[in-house]
Amino acid sequence: MDVKHILRTYQAVAISIAILLFCVIALLYGVIPSFKNVGELIVSMQVLEKDNASLTNKIEILDRYDETDLKEKLGVVLSAVPGDKGLPALFGTVEEVAGQAGVTLADMNVSGGLVSTASATKQSPLEKQLGTRALPFTVTVVGGLSNMQEFITKVALVRRLMRIRAFSITFPKNDKPLTISLSLDAFYEPYITSLGGVTAVISPLSDEELSTIDTLTSFPLMASSTEAVPLSPITGTTKANPFVR
């Protein structure tokens, strides 16, 4: 049997093996990566559909409100519970309340001194219970009994929210005015630094929240306290399609 006969005998087998090898190589380097890409596209599409549903829901919620009205409501809330301790505005508020009540502000100081910005991020157990930060401070006022009653009533019903924790009264032996020392908490809450991702959930204002804002609006805003905080316009470019880079 010569070489030519052997080649003719196994030629068909060699061609079949070559075709099989080509198919295997095409499968490894062509078909399988394509399936992988298709799978990644499906996953990306599912993520985009979820993001689109979340954005659509947010738009529907925000469309219920007037932008100007929302800014006004936010200004009311921030004037009641500011983003920092706001000591000058706090002291000015208490001083003006004392003047309106006809009492003399003898002393006022922050309990424990000023707290650093880094420490302000840590909430005490009481603050966690209240759901906001509290700045303890003390006030000493001097005046007549009716004036004292007016001061205690007014100081807890101003736009800059604060509460009286305790107080002590010094009764003079003669007809001198009374002296009252009050321990109070002024509330504040640092502004958020992140709005969250696309899928972050926002909820419409509840009836209870709207009622609370109406109540805050009815509280007097002292002239010395911080006015409603104006909102800066959004800077940067906007995109018609948030999914296009």
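All values reported here derive from a predicted model rather than from experimental measurement.

**Student:** Sorry, what's going on with the overall build of the chain here?
**Tutor:** When its secondary structure is counted, the chain shows six helices and four strands. Helices (α) and strands (β) of the chain occur, in sequence order from the N terminus, as α-α-α-β-α-β-α-β-β-α. For the chain, the computed accessible surface area is about 17000 Å², with 62% contributed by carbon and sulfur atoms.

**Student:** Help me understand helix 2 (residues 67–80), please; the structure alone is not making it clear to me.
**Tutor:** One turn of an α-helix holds 3.6 residues; hence residues three or four places apart share an orientation. For helix 2, built from 14 residues, the straight-helix expectation of 20 Å at 1.5 Å per residue is met to within 8% by its first-to-last C-alpha distance of 20 Å. Residues of helix 2 that are buried make contact with strand 4 (178–188) and helix 6 (207–218). The N-capping residue of helix 2, defined by a side-chain oxygen 3.2 Å from the backbone nitrogen of Thr 68, is Asp 66.

**Student:** Explain the packing of helix 2 against helix 6 to me, please; I cannot follow it from the model alone.
**Tutor:** Working note: a packed helix pair is described by the angle between its axes plus the distance between those axes. Packing of helix 2 against helix 6 brings their axes to within 10 Å, and their N-to-C directions diverge by 65°. Viewed along their axes, helix 2 and helix 6 adopt a mutual orientation that is roughly perpendicular. Here the hand of the crossing between helix 2 and helix 6 comes out left-handed. Contacts from Lys 73, Val 76, Val 77 and Ala 80 in helix 2 reach Leu 210, Ile 213, Leu 216 and Thr 217 in helix 6.

**Student:** So what exactly am I meant to see when it comes to the confidence of the model for the chain here?
**Tutor:** Low-pLDDT stretches of the model should not have their predicted coordinates read in fine detail. Summary statistics for the chain give a mean pLDDT of 77 and a share of 66% for residues scoring 70 or more. A low-confidence stretch, residues 113–120 (pLDDT under 50), is modelled with six contacts involving residues beyond four sequence positions or located in other chains.

**Student:** Please clarify how the pairing of strand 4 should be interpreted in this entry.
**Tutor:** Here is the key point about a regular strand: its side chains alternate between the two faces of the sheet. For strand 4, the buried fraction is high: eight of the eleven residues fall into the buried class. The pairing of strand 3 (residues 162–170) with strand 4 spans eight bridges and is antiparallel. Residue pairing for strand 4: Ile 169 is matched across the bridge by Ile 180.

**Student:** Which parts of the structure should I look at to understand a nonpolar patch on the surface?
**Tutor:** Taken together, the side chains of Phe 167, Ile 169 and Phe 171 make up a nonpolar region of the molecular surface, amounting to roughly 330 Å² of accessible area. Looking at the secondary structure, you find Phe 167 in strand 3. Judged by relative accessible area, Phe 167 falls into the partly exposed class, the value being 47%.

**Student:** Even after reading the chapter, I still don't get the sheet that holds strand 2 (residues 133–143), so can you show me in this structure?
**Tutor:** Pairing between the strands of a sheet is mediated by backbone hydrogen bonds and can be parallel or antiparallel. One open sheet accounts for four strands, arranged 1-2-4-3; its pairing is antiparallel. Of all strands in the sheet, those with a lone pairing partner are strand 1 (104–110) and strand 3, marking the two edges. Taken over all neighbouring pairs, the strand axes of this sheet differ in orientation by 20° on average, direction set aside. Contacts from helix 3 (residues 87–101) reach strand 1, strand 2, strand 3 and strand 4, with the element oriented near 155° to strand 1.

**Student:** Whenever I open this one, the packing of helix 3 against helix 5 (residues 145–155) confuses me. Can you help?
**Tutor:** Contact geometry for helix 3 and helix 5: axes closest at 9 Å, N-to-C directions at 145°. Like other packed secondary-structure pairs, helix 3 and helix 5 cross with a definite hand, here right-handed. Residues Val 94, Val 97, Ala 98, Gln 100 and Ala 101 of helix 3 touch helix 5, and the partners they reach there are Asn 147, Glu 150, Phe 151, Lys 154 and Val 155. When its residues are assigned to classes, the contact of helix 3 with helix 5 shows six nonpolar, two polar and two charged.

**Student:** When you look at helix 3 in this model, what are you seeing that I'm missing?
**Tutor:** Along its 15 residues, helix 3 runs 21 Å from first to last C-alpha, staying within 8% of the 21 Å computed at 1.5 Å per residue. All buried positions along helix 3 are accounted for by Leu 87, Ala 89, Leu 90, Gly 92, Thr 93, Val 94, Val 97, Ala 98 and Ala 101. The inward-facing, buried residues of helix 3 contact strand 1, strand 2, helix 5, strand 3 and strand 4. In the segment just after helix 3, Gly 102 is the residue with positive phi, at about 80°.

Criteria and thresholds
Residues numbered from 1 in each chain as written. Predicted model: local features only at pLDDT ≥ 70, side-chain atom pairs only at ≥ 80, totals over all residues. Heavy atoms only, no water. Helix = DSSP H or I, 4+ residues; strand = E, 2+ residues; numbered from the N terminus. Areas by Shrake-Rupley, 256 points an atom, 1.4 Å probe, with all protein chains shown as cover. Expected span 1.5 Å × (residues − 1). Contact = heavy atoms within 4.5 Å. Polar contact = N/O pair within 3.5 Å; in protein donor to acceptor, adjacent residues only side chain to side chain. Axes fitted to C-alpha atoms, helices over the stretch in contact; angles between N-to-C directions. Parallel < 35°, antiparallel > 145°, perpendicular 65-115°, else oblique. Left-handed = near helix turned anticlockwise from the far one by under 90°. pLDDT = per-residue confidence, 0-100. Buried < 20%, exposed > 50% of the residue type's maximum accessible area, 1.4 Å probe, protein only. Pairing = 2+ DSSP bridges. Patch = residues over 30% accessible without salt bridge, like charges linked within 9 Å, V, L, I, M, F, W, Y side chains within 5 Å. Salt bridge = Lys/Arg side-chain N within 4 Å of Asp/Glu carboxyl O. Nonpolar A, V, L, I, M, F, W, Y, C, P; charged D, E, K, R; others polar.

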